[in-house]
Amino acid sequence: MIKHQPLCASPRCSIRDRHVSDCNEECRGCLPRQAADGLYLCEVHARRVGQDALTIALRYADLGRILTASTSSLGDIVSGSKGETGMQLNDRAAEMRMVIKHRLVAMARMISEERGFALPQDRVPALARYVAANATWIAAHPAAGDLSDVLSSTASEAFHIAQPSGARRYQLKDP
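The notes below deal with the structure included here. Because the structure is predicted, anything quoted here is derived from the model rather than measured. (Residues numbered from 1 in each chain as written. Predicted model: local features only at pLDDT ≥ 70, side-chain atom pairs only at ≥ 80, totals over all residues. Heavy atoms only, no water.)

### Considerations on the side chain of His-141
The condition is simple: Counting from the N terminus, the helices are the DSSP runs of H or I reaching at least four residues and the strands are the DSSP runs of E reaching at least two. In the analysis that follows, any N or O atom pair within 3.5 Å is treated as a polar contact, provided that within protein one partner can donate a hydrogen and the other can accept it, and provided that, for residues neighboring in sequence, both atoms belong to side chains. Every residue pair with non-hydrogen atoms within 4.5 Å of one another is taken to be in contact.
As for its placement among the helices and strands, His-141 is situated in the loop between helix H4 (135-139) and helix H5 (144-162). Separated by 3.0 Å, the side chain of His-141 and the backbone nitrogen of Ala-143 make a polar contact. With residues up to four places along the chain from it excluded, the contact list for His-141 reads Tyr-40, Met-110, Glu-114 and Leu-147.

### A few points about the pattern of salt bridges
Selection criterion: In the sections that follow, a salt bridge refers to a side-chain nitrogen of Lys or Arg positioned within 4 Å of a carboxyl oxygen of Asp or Glu. Remark: exposure states derive from per-residue accessible area (1.4 Å probe, protein chains only) relative to the maximum for the residue type, with buried under 20%, exposed over 50%, and partly exposed in between.
If you walk through the whole model with that rule in mind, you get 4 salt bridges. One salt bridge in this structure joins Asp-52 and Arg-48, with 3.6 Å as the shortest N-O distance. Linking Asp-52 with Arg-48, this pair stays in helix H1 (residues 43-65), spanning 4 residues, or about one helical turn. Taking the relative accessible area as the measure of exposure, Arg-48 reaches 31% and is therefore partly exposed. In this structure, Lys-101 and Asp-122 form a salt bridge, with 3.6 Å as the shortest nitrogen-oxygen distance. With Lys-101 in helix H2 (residues 91-115) and Asp-122 in the loop between H2 and helix H3 (124-133), this residue pair connects regions lying 21 residues apart in the sequence.

Structural data, given as structure tokens:
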């Protein structure tokens, strides 16, 4: 009897130049990798669960740095009249920070309730470390594909808001 290894549940998983039977010819690769033993995700995506959780905590901090700016293209004026330029709120950054915190809290609560663990502090870095520490458990959860996709898409979306040019900026100190 042949036992088939299940495929990775992540919707982002694919092997280059490997295709499912009903694939079109323009596809770069649509056949997912095999899931790791006892997991719903392949080794790559199981590892990425923890990496993405920590990455969105970094993006949360990046978004905090661009939350306010003096250019008019970022959002609504917080105070002052129409003719004045003042502190302005970057609405996209504020909303993304809220999304990040909400998603990490939801995952932490799920882990806590299903595993019987105590919740971490209600701060993004602590929540991200908690989710990352439970990455293997998440990869073995029946909803692993969806959870992995949520973390990956959140990290990607937050990056595009925090670094719209695609380049990371560093503030250099004078010698």
